[in-house]
Amino acid sequence: MKGSHFLFFGLGLAMVDILVPYIWLADEPYFAASFLFWCLLTLAVIIGAGIRTRKWGKKR
Amino acid sequence: MKPLFVVLAMLFWSVVAVGIAAAARRGMGEGAAEFFIGGRRLKGFVSGMTYAATTYSAFMLVGLVGLTYDSGVGALGFEMTYLIFTVLFLLVFGPRFWLVGRRFRHITPPELLGHRYENRWVAVLTAIISFVMLIPYASVQLMGAGLLVNGLSGGEVPFMAGVLVMAGLSGFCALWAGMRSVSWTDAFQAVTMLVTSLAALFYMFHAFYGSPAEFFVTMEAENPDLLRFTWEPAYFIGLTLPWAFFALTNPQVSQRLFVPDRVIHLKRMILYFSVFGFIYTIISTLFGLQAANLFPGLDNPDQAMPHLLSQVPSFLGLIIFIGIFAAATSTLGSIVLTLSSLFSRDVVKYIKPDLSEKGQTRVGKGAMVCLLAICAYFAWLRPGLIAVLSSMASGGLLVMAPSIIGAFFWRRASAAGALCSMLVGGPVTAVLYLTDYYPLGWWPPVWGLGLTTLFFFGVSLMTSPPQKADQFISELEEDLREEGFVRSGRRKG
């Protein structure tokens, strides 16, 4: 990953991680709100990591 | 719970851990790399579990449970944000640390920085910052064990008994065969942590609510405020920011990026750790919510978990106690091992460059004993709330982040930039923490990171980069393509 790509992806992820719960979910008193959001976001990142690392080690 | 049971559980666990540590010594070779990073020969499962056990400490089942008990779902957000960024940093920096470590035979992260910036003072300074910040963090592990033992036995077993048993056990594991014994016991401890906490959680669902579904319904009906995200933005960012960079700035975890045997094991390490962290975080926060529903109004939130344990059958309570004890022991052992390697390789070897490999190991072992004594003394002092103290450690280490990121990505990054940024950011962060001063309401790490980044870029642009900086990054990019970490068609990694 290029440095700039990494920076923008990280910043975008941070924005989603912070702003979505504050703007849309903060006042919802349910597990299906902030709790579920953070679980799903983390799971998506882990699955993304699994996909991203699939080709690691396949030498040129 | 009967004090005798608590003492017997600690003894039982100690015997098992000592047995594993002793077995790990078989097949161990000679030399500093063998002792401090297991000869770079660890497989995926052990690598992943030692990374997890080092990262997830007594803080999870004591501090995080207390934080959730006190302030609800925000604690989950804080911990999941940490995990998200750890996975991201592992994907980007894991291969870089691993490749550079192999190519140049680095054993400690400060050594890598000293080499990249062609300046030994960068290594010495990062080692010193690590010492100053990680000793309180290691002490927190001892405090966690002490609080737990004391709380679980109803005050019958003294706080310091838990502290001393844990210090002795982690000391033995680290001294016996270095990274090999630490990582083997870590792997066993990580599995113990996960299995015991999962078993306890489900027991509590059924014992107190009838089923997990009923627990969720009860929480939404009786404690809706805990499911609302009520944290102030400055609090959330201030607490989360240092943890988000944990994978990069904490040498006890970044050093583990040197240990996997092959690429496949590095890949497995990242994935096993991620899954472990995801499950363990959910378990810990659910414990906090359960405690808040069952025992509202505790004066000290950190007592939520010991309270919860006192309500389950003794056998189950002891199993979870062992899980927490294991978590704290493994984190402490890893920190002490890493700090001892920093002392040996980055401080003593700087003063005495001809120090032999055997001498480095000996110095490291001596440092371990001293470090454990200092940590036990710190734990005896018992400063404030666990979460805040742990966060302070990561907040201080955060000042190394720009230098670490710049080392791999910015050819203009210079030694002067790295040194100035840490020399300014470190003291500013520490003073803000110690004086409890939060300018404009923002936490010290926010100011520390901002200042550090500013100085790093400003001074680097005004000074010359190291002669071989360009070559360092170009060779790394070539290695990244060669090993399949990035697509071949692309110019940069």
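Residues numbered from 1 in each chain as written. Chains lettered and ligands numbered in written order. Predicted model: local features only at pLDDT ≥ 70, side-chain atom pairs only at ≥ 80, totals over all residues. Heavy atoms only, no water.

Q: Report on helix H20 (residues 415-435) of chain B, specifying residues and quantitative values.
A: All names here are of chain B. Between its first and last C-alpha, H20 extends 30 Å over 21 residues, near the 30 Å set by a 1.5 Å rise per residue. Along H20, the positions that sit buried rather than exposed are Ala-415, Gly-417, Ala-418, Leu-419, Ser-421, Met-422, Gly-425, Gly-426, Thr-429, Leu-432 and Tyr-433. Downstream of H20 by a residue or two, Asp-436 has a phi angle that is positive, lying close to 60°. (Helix = DSSP H or I, 4+ residues; strand = E, 2+ residues; numbered from the N terminus. Expected span 1.5 Å × (residues − 1). Buried < 20%, exposed > 50% of the residue type's maximum accessible area, 1.4 Å probe, protein only.)

Q: Let's hear about the packing of aromatic side chains: which residues, and what values?
A: One pass over the structure, following the stated rule, counts 54 aromatic pairs over all chains. Here the aromatic rings of Phe-6 of chain A and Phe-93 of chain B are separated by 5.6 Å at their centres, their planes lie at 80°, and the arrangement is edge-to-face. Of this pair, Phe-6 of chain A sits in helix H1 (residues 3-25) while Phe-93 of chain B sits in helix H5 (residues 74-104), each in a different chain. A relative accessible area of 0% places Phe-93 of chain B in the buried class. (Phe/Tyr/Trp six-rings, centres within 6.5 Å; stacked < 30°, edge-to-face > 60°.)

Q: Quick one: what's the story with the nonpolar core, residue by residue and with numbers?
A: Core analysis: the biggest nonpolar cluster contains 188 residues, and Phe-287 and Phe-321 of chain B have the highest contact counts within it. Apart from the residues lying within four places of it in its own chain, the contact partners of Phe-287 of chain B are Leu-61, Val-65, Ser-197, Ala-200, Leu-201, Met-204, Met-305 and Leu-308 of chain B. (Core = buried A, V, L, I, M, F, W, Y, C linked by side-chain atoms within 4.5 Å. Contact = heavy atoms within 4.5 Å.)

Q: Tell me about the pattern of salt bridges, and name the residues and values.
A: All names here are of chain B. Following the criterion strictly, the structure yields eleven salt bridges over all chains and no others. In this structure, Glu-111 engages Arg-345 in a salt bridge whose closest nitrogen and oxygen atoms are separated by 2.5 Å. Taken together, the positions of Glu-111 in helix H6 (residues 109-116) and Arg-345 in helix H16 (residues 314-351) put the pair 234 residues apart, joining distant regions of the chain. Using a relative accessible area of 10% as the deciding quantity, one classes Glu-111 as buried. (Salt bridge = Lys/Arg side-chain N within 4 Å of Asp/Glu carboxyl O.)

Q: Which residues make up the side chain of Ser-414 of chain B, and what values go with them?
A: Its location among the elements puts Ser-414 of chain B in the loop between helix H19 (401-409) and H20. Here Ser-414 of chain B is in contact with Tyr-117, Val-459, Ser-460, Thr-463, Ser-464, Pro-465 and Pro-466 of chain B, once residues within four sequence places are set aside.

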